[in-house]
Amino acid sequence: MSQIDSGIIDQLRNLDTPTVCNALEAVAPERRGYGYTTEPLVCVRPELGSMVGYARTATIRAKHRLDRSSSGPNLAQQYYAYIDAGLKPSIVIIQDLDDTRGYGAFWGEVNSNIHFGLGCLGVITDGSIRDIPDAAKGFQMMADRVGPSHAFVHIVGFGDEVQVCGMKVEDGDLVHADQHGAVVVPSEVAAAVPEAAARIARVESVVIEAAQQPGFDFDALKRAWGKQAEIH
């Protein structure tokens, strides 16, 4: 994936994720039914707002010890080298392969600081997270659950397509996320999203403003609908 202009990234960061999803329905209508999380995520730092970054993907397991004969002793080092490479800022997208998701947390004080130092804005995982008060300041963590232990957690692979909470993500995908969930923004339409979002806001504001007026009724709603049709 090619790098998106930093100005576009900044504009996307000023939008919430539902608004980005709405805009994608206009600029990439074929993606209306996929490309975003469809299962709930715990967002432990909603006050951080939206994060936008390039995906680094990985898979983990935690229920059983790492089989070094099949994974190799340097897999962890290779993983961190991978995190440091590629476009930044990044967001780590990690799929938990255990049949009991979140059995052990890969994310806590240590890994949040390492990843944040390597240019990652946060993590989105269907596994678990811990050490919330001690995690790196400014690092967002979105997970299936919060848990106390890391058990035998280890990296299984990285750089391949993963699926987290219904969202398929490939290495390098542009991801937008906030307390509502996450969505993959196709690079070819990323620049069109802010303007589409602005138009949608203009259209929606007509009904919202009408609904907030004293004496609002169905006739007033119909008049607002008519005004919406005039907005281009």
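Preceding this paragraph is the structure being described.
So, here is what we can say about the structure in this document. Note that this is a predicted model, so its numbers are computed, not measured.

Along the chain, the position of D84 falls in helix α4 (residues 75-84). Separated by 31 residues in the primary sequence, D84 and H115 have C-alpha atoms spaced 8.4 Å apart.

On to α4. For α4, the full list of buried residues reads L75, Y79, Y82 and I83. Seen end-on, α4 carries its buried residues on one side only, within an arc spanning 100°. Where α4 terminates, the next one or two residues include G86, which has phi positive at roughly 85°.

Running from N to C, helix α2 (residues 17-27) and helix α6 (residues 193-211) point in directions that differ by 105°, and their axes come no closer than 8 Å. The pairing of α2 with α6 is recorded here as roughly perpendicular in orientation. For the pair α2 and α6, the contacting residues are T19, V20, N22, A23, L24, A26 and V27 in the first and V193, A196, A197, I200 and E204 in the second. When its residues are assigned to classes, the contact of α2 with α6 shows 9 nonpolar, 2 polar and 1 charged.

Right, let's get into the packing of aromatic side chains. Evaluated as defined, the whole model comprises 8 aromatic pairs. Between Y79 and F106, the ring centres sit 5.9 Å apart and the planes meet at 80°, which makes this aromatic pair edge-to-face. Linking Y79 in helix α4 with F106 in the loop between β3 (90-96) and α5 (109-117), this pair joins segments that are 27 residues apart in sequence. Under the relative-accessibility criterion, Y79 is labelled buried at 0%. Chaining the aromatic ring pairs together yields one cluster made of Y79, Y80, Y82, F106, W107, F116, F139 and F158.

A few words now on the environment of V185. Checked against the element boundaries, V185 lands in strand β12 (residues 181-185). On the basis of relative accessible area, V185 is assigned to the buried category, the value being 1%. Sequence separation between V185 and A105 is 80 residues, and the spatial gap between their C-alpha atoms is 28 Å. Leave out the neighbours within four places in its chain, and V185 touches V20, L24, L174, H176, A190 and V193.

As a further point, take the pairing of strand β2 (residues 51-61). Most of β2 is tucked away: 10 of the 11 residues are buried. Bridge count for β2 against strand β11 (residues 174-178) is 4 bridges, and the pairing is antiparallel. Residue pairing in the sheet places Y54 in a bridge with L174 of β11. In this structure, β2 lies alongside β3, joined through 7 bridges in parallel fashion.

With that out of the way, let us pick up the packing of α4 against α5. Relative to each other, α4 and α5 sit at 40°, their axes nearing to 9 Å. With respect to each other, α4 and α5 are oriented oblique. Across the interface between the two elements, Y79, Y80 and I83 from α4 touch N111, I114 and H115 from α5. Looking at the contact of α4 with α5, its residues break down into 4 nonpolar, 2 polar and no charged.

Rules used in this analysis
Residues numbered from 1 in each chain as written. Predicted model: local features only at pLDDT ≥ 70, side-chain atom pairs only at ≥ 80, totals over all residues. Heavy atoms only, no water. Helix = DSSP H or I, 4+ residues; strand = E, 2+ residues; numbered from the N terminus. Buried < 20%, exposed > 50% of the residue type's maximum accessible area, 1.4 Å probe, protein only. Arc of directions from axis to C-beta. Axes fitted to C-alpha atoms, helices over the stretch in contact; angles between N-to-C directions. Parallel < 35°, antiparallel > 145°, perpendicular 65-115°, else oblique. Contact = heavy atoms within 4.5 Å. Nonpolar A, V, L, I, M, F, W, Y, C, P; charged D, E, K, R; others polar. Phe/Tyr/Trp six-rings, centres within 6.5 Å; stacked < 30°, edge-to-face > 60°. Pairing = 2+ DSSP bridges.

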